[in-house]
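# Structure assessment
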Amino acid sequence: MMEVITCNERTEDVKEDIRTDGNGHAVENVAPEPVIDKTKEDLETQTQKTSTWIWSVVYLCFYGFMVQLKPGEPFITPYLLSTEKNFTSKQVTNEITPIFSYSYMAVLVPVFLLTDYLRYKPVLILQSLSHVSIWLLLLLGSSLLEMQFMEFFYGITMAARVAYSSYIFSLVPATVYQRVASYSRSSVLMGVFTSSVLGQMCVSLGGVSYWTLSAVSLGFVTFGLLLSFCLPWPKRSLFFNQARLEEERKEAAQSELARMKPEEKDGSVATQGSNHKSPSWTNSVFVQMLMELKNVVKVPNLRLWSLWWVFNSAGYYLVLLYVHVLWNKVYPATENKHVYNGGVEAASTLLGAIASFAAGYVKIRWNLWSELVIGLITGAQAVLLLLMGMTDNIWVCYVAYALFRGFYQFLVPIAIFQIASSLTKELCALVFGVNTFLGTVLKTIITLIVADKRGLAMNVHSQFFIYFFYFTLLTVIYLGCSAFIITCHYRNQRPVEKTTEEVAIATELSPMTTAASESTTAHNGTTIKK
């Protein structure tokens with residue numbers, strides 16, 4: 001639209017710039033060729049921009065793959081419990097691991113806001129620095145306080161994941177959001193899978209020690225830190241940089257008009273500049289989105305999936321935090337090569353990716369059956385948690401864990417679609433941020449009560465029974481809501497069916513009752529049947 005207006009203005013300029021020579025003949029001083037040249041330049045610029053964002057996406061996906069290469073990550077808990085570090089199971093369960101939940105909750109909101117305000121790249125650099133700090137502390141640290149600091153930095157890296165997931169949207173046009181989001185997600189999953197397989201091969205086949213595996217992980221994350229410095233710097237973000245970009249566009253438009261019509265430079269352009277007012281903080285996109293949140297909770301489908309995100313994700317990540325401690329209790333391996341944490345993480349990641357892919361092909365009436373599907377899957381997860389807490393067979397525990405993760409990953413893309421399909425991009429990001437924060441607060445409260453030494457300080461088996469009751473309670477609530485909604489649906493459907501039957505009967509009788517009306521009177525008074 002801006003290009004059309006510009007061309008029209010240039011045409012008017014051509015008409016106004018007609019001069020006459022000494023014989024009174026009109027002479028045009030402006031030729032149309034520059035417009036054609038400008039169009040060619042625009043096409044070349046557009047091509048260059050497309051090429052730029054394609055290479056930016058490729059580089060970002062490569063970065064996302066590389067920062068996930070931490071082959072020692074599945075073996076951090078066995079490393080802490082091994083003779084090399086010599087921490088007790090009680091210390092790891094009740095004093096070290098809970099710090100992660102507290103750190104994650106404390107930094108999540110600041111990181112979320114700084115991610116948008118600083119335009120992603122600085123937060124990704126901070127994430128890479130935190131990765132390096134984790135592995136340095138794990139390699140060089142030996143005290144309880146140092147391991148708690150390690151968990152603190154781990155919380156920062158997890159909170160900073162939002163920078164990578166939203167960064168890619170600032171690089172590409174809106175028409176390719178879905179495609180590039182799948183690319184970035186796939187690169188992360190591939191990195192996690194490759195890292196877990198590599199770690200398991202090093203431990204089981206190469207006989208590599210946990211210390212050496214941690215050193216290899218430090219090398220990979222250091223390379224990821226170098227890659228983060230080379231990331232392109234986006235010019236826009238979702239919330240905080242919109243007013244500044246709008247200011248730049250207006251200034252650019254005014255300078256273009258001033259160059260095209262210099263005689264009006266001191267007139268209209270000056271008037272436009274004087275009429276411009278600095279944007280108020282109440283007009284920012286972020287504040288407006290916060291005000292819109294109250295309308296989101298009024299929509300039943302959005303409310304349901306947001307609550308699922310809050311409550312189920314809290315339980316899911318609690319299980320992920322403590323499952324490695326549980327495995328060490330069920331099977332305290334005397335040799336490192338018999339610890340299969342890496343292989344199980346790789347298998348569960350692959351199963352989760354398959355489940356996420358399969359979820360895209362499920363076609364049902366989600367407005368009617370959502371509660372039932374969520375209830376059944378949450379119930380299955382509760383059974384798996386009970387199995388993990390009761391079994392003495394490590395392989396049963398491994399399989400139950402992989403299935404538990406697969407069920408959760410199956411519902412994640414459905415929840416994303418159900419929430420995002422009816423919201424703007426900015427509001428969608430804010431809703432997911434609020435849901436994640438509330439889930440983190442709930443997870444922290446449960447950790448403080450159940451796991452922390454200042455709370456009940458339960459052992460890992462007792463914790464898994466608590467998680468079983470938690471998921472069972474959610475199952476009862478979901479299935480109860482499902483029964484109510486389905487009953488109301490079919491109860492309301494019966495009056496509709498009766499009304500339809502009455503309409504059908506009336507339609508069948510209407511030819512008999514309206515036969516006399518299907519006649520008209522001619523001008524001469526004769527009745528004519530249609």
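Residues numbered from 1 in each chain as written. Predicted model: local features only at pLDDT ≥ 70, side-chain atom pairs only at ≥ 80, totals over all residues. Heavy atoms only, no water.

### What about the environment of Phe 149?
Stated precisely, the cut-off is as follows: Every helix listed is a DSSP run of H or I at least four residues long, and every strand listed is a run of E at least two residues long, numbered separately from the N terminus.
For Phe 149, the location among the structural elements is in helix H7 (residues 144–159). With 12 residues separating them in the primary sequence, Phe 149 and Leu 137 have C-alpha atoms 7.9 Å apart.

### Some details on the packing of aromatic side chains
Rules: Any Phe, Tyr or Trp ring, taking Trp's six-membered ring, that has another such ring centre within 6.5 Å forms a pair; planes under 30 degrees apart are called stacked, those over 60 apart edge-to-face, and the others tilted. Type-normalised accessible area, obtained with a 1.4 Å probe on protein chains alone, sets the label of each residue: buried when under 20%, exposed when over 50%, and partly exposed for intermediate values.
Throughout the structure, instances matching the rule amount to 24 aromatic pairs. With centroids separated by 6.0 Å and ring planes inclined at 75°, the aromatic side chains of Trp 305 and Trp 366 adopt a geometry described as edge-to-face. Residue Trp 305 is found in helix H14 (residues 300–330), and its partner Trp 366 is found in helix H16 (residues 366–390); the two are separated by 61 residues along the sequence. Using a relative accessible area of 0% as the deciding quantity, one classes Trp 305 as buried. Take Trp 366: its relative accessible area is 11%, and that puts it in the buried class.

### Notes on the side chain of Thr 157
Definition in use: Only heavy atoms matter for contacts: two residues are in contact if any of them lie within 4.5 Å across the pair.
By the element assignment, Thr 157 lies in helix H7. With a relative accessible area of 3%, Thr 157 lands in the buried category. What Thr 157 contacts, discounting residues up to four positions off in sequence, is Gln 127, Ser 130, His 131 and Ile 134.

### Some points on helix H10 (residues 210–229)
What counts here: Here a helix's expected span is defined as the number of its residues, less one, multiplied by 1.5 Å.
Between its first and last C-alpha atoms H10 spans 29 Å; for 20 residues at 1.5 Å apiece the expected length is 28 Å, and the two agree. Every buried residue belonging to H10 is among Tyr 210, Leu 213, Ser 214, Ser 217, Leu 218, Val 221, Gly 224, Leu 225, Leu 227 and Ser 228, and all of these are buried.

### A short note on the confidence of the model for the protein
Selection criterion: The pLDDT value expresses, per residue, how confident the predictor is, ranging between 0 and 100.
Looking at the protein as a whole, its pLDDT mean stands at 79, while 72% of the residues score no less than 70. Here residues 263–279 scores under 50 on pLDDT; set against residues more than four positions off or in separate chains, the count is 9 contacts. Counting interchain partners and residues more than four positions distant, the pLDDT-below-50 stretch residues 506–530 has 13 contacts.

### Observations regarding a nonpolar patch on the surface
This is how the line gets drawn: Patch membership needs two things, relative accessible area over 30% and no salt bridge, and members are linked within 9 Å if like-charged or within 5 Å if nonpolar (Val, Leu, Ile, Met, Phe, Trp, Tyr). Computed with the Shrake-Rupley method and a 1.4 Å probe, the accessible areas treat only the protein chains shown as cover for residues. Here, a salt bridge means any Lys or Arg side-chain nitrogen found within 4 Å of an Asp or Glu carboxyl oxygen.
On the surface, Ile 445, Leu 448, Ile 449 and Leu 456 cluster together into a nonpolar patch covering about 370 Å² of accessible area. Assessed through its relative accessible area of 40%, Leu 448 is described here as partly exposed.

### A word on H7
The end-to-end C-alpha distance of H7 is 23 Å, a good match for the 22 Å that 16 residues give at a rise of 1.5 Å each. Taken residue by residue, H7 has Met 147, Met 150, Glu 151, Tyr 154, Gly 155, Ile 156, Thr 157, Met 158 and Ala 159 as its buried positions. Buried positions along H7 lie against helix H3 (76–81), helix H4 (89–96), helix H5 (98–117), helix H6 (121–140) and helix H8 (161–167).

### Let's talk about the packing of H14 against H16
Under the convention used in this document: Convention adopted: a line fitted to C-alpha atoms gives each axis, helices being fitted over their contacting stretch, and angles between N-to-C directions are expressed from 0 to 180 degrees. Convention used here: angles under 35 degrees read as roughly parallel, angles over 145 as roughly antiparallel, angles from 65 to 115 as roughly perpendicular, and any remaining angle as oblique. Left-handed describes a crossing in which the near helix is turned anticlockwise from the far one by less than a right angle; the clockwise case is right-handed. Under the grouping applied here, Gly and all other residues not named as nonpolar or charged are polar, the nonpolar ones being Ala, Val, Leu, Ile, Met, Phe, Trp, Tyr, Cys and Pro and the charged ones Asp, Glu, Lys and Arg.
Where H14 contacts H16, the two axes come as close as 12 Å, and the packing angle between them is 15°. In terms of axis orientation, H14 runs roughly parallel to H16. The handedness of the crossing between H14 and H16 comes out as left-handed. Across the interface between the two elements, Asn 301, Leu 304, Trp 305, Trp 308, Asn 312, Val 319, Val 323 and Leu 326 of H14 pack against Trp 366, Asn 367, Ser 370, Glu 371, Ile 374, Thr 378, Gln 381, Leu 385 and Met 388 of H16. Looking at side-chain class alone, the contact of H14 with H16 contains 10 nonpolar, 6 polar and 1 charged residues.

### Some thoughts on the nonpolar core
Worth spelling out the cut-off: Put simply, a nonpolar core is a bunch of buried Ala, Val, Leu, Ile, Met, Phe, Trp, Tyr and Cys residues held in one set by side-chain atoms that sit within 4.5 Å of each other.
With 117 residues, the main nonpolar core has Trp 305, Trp 308, Leu 385, Met 388, Leu 411 and Phe 464 as its most contacted residues. With 16 residues, H14 is the single largest residue contributor to this core. If sequence neighbours within four positions are ignored, Phe 464 has contacts with Val 319, Tyr 322, Val 323, Leu 326, Leu 385, Met 388 and Gly 389.

### Quick look at the packing of H16 against helix H17 (residues 394–420)
Contact pair H16 / H17: the axes reach a minimum separation of 9 Å and the direction vectors enclose 160°. Relative to H17, the element H16 is oriented roughly antiparallel. Regarding H16 and H17, the two cross each other, and that crossing is left-handed. For the pair H16 and H17, the contacting residues are Trp 366, Val 373, Ile 374, Ile 377, Ala 380, Gln 381, Leu 384, Leu 385, Leu 387 and Met 388 in the first and Val 396, Cys 397, Ala 400, Tyr 401, Leu 403, Phe 404, Phe 407, Tyr 408, Phe 410, Leu 411, Ile 414 and Gln 418 in the second. Class assignment for the residues of the contact of H16 with H17 results in 20 nonpolar, 2 polar and no charged.

### Some thoughts on unusual backbone geometry
The phi torsion at Tyr 120 lies on the positive side, around 75°, for a residue other than glycine. When you line up the elements, Tyr 120 lands in the loop between H5 and H6. When its relative accessible area of 2% is taken as the criterion, Tyr 120 is described as buried. With a phi close to 50°, Ala 457 is a non-glycine residue in the positive phi region. In this fold, Ala 457 is placed in the loop between helix H18 (425–451) and helix H19 (460–513).

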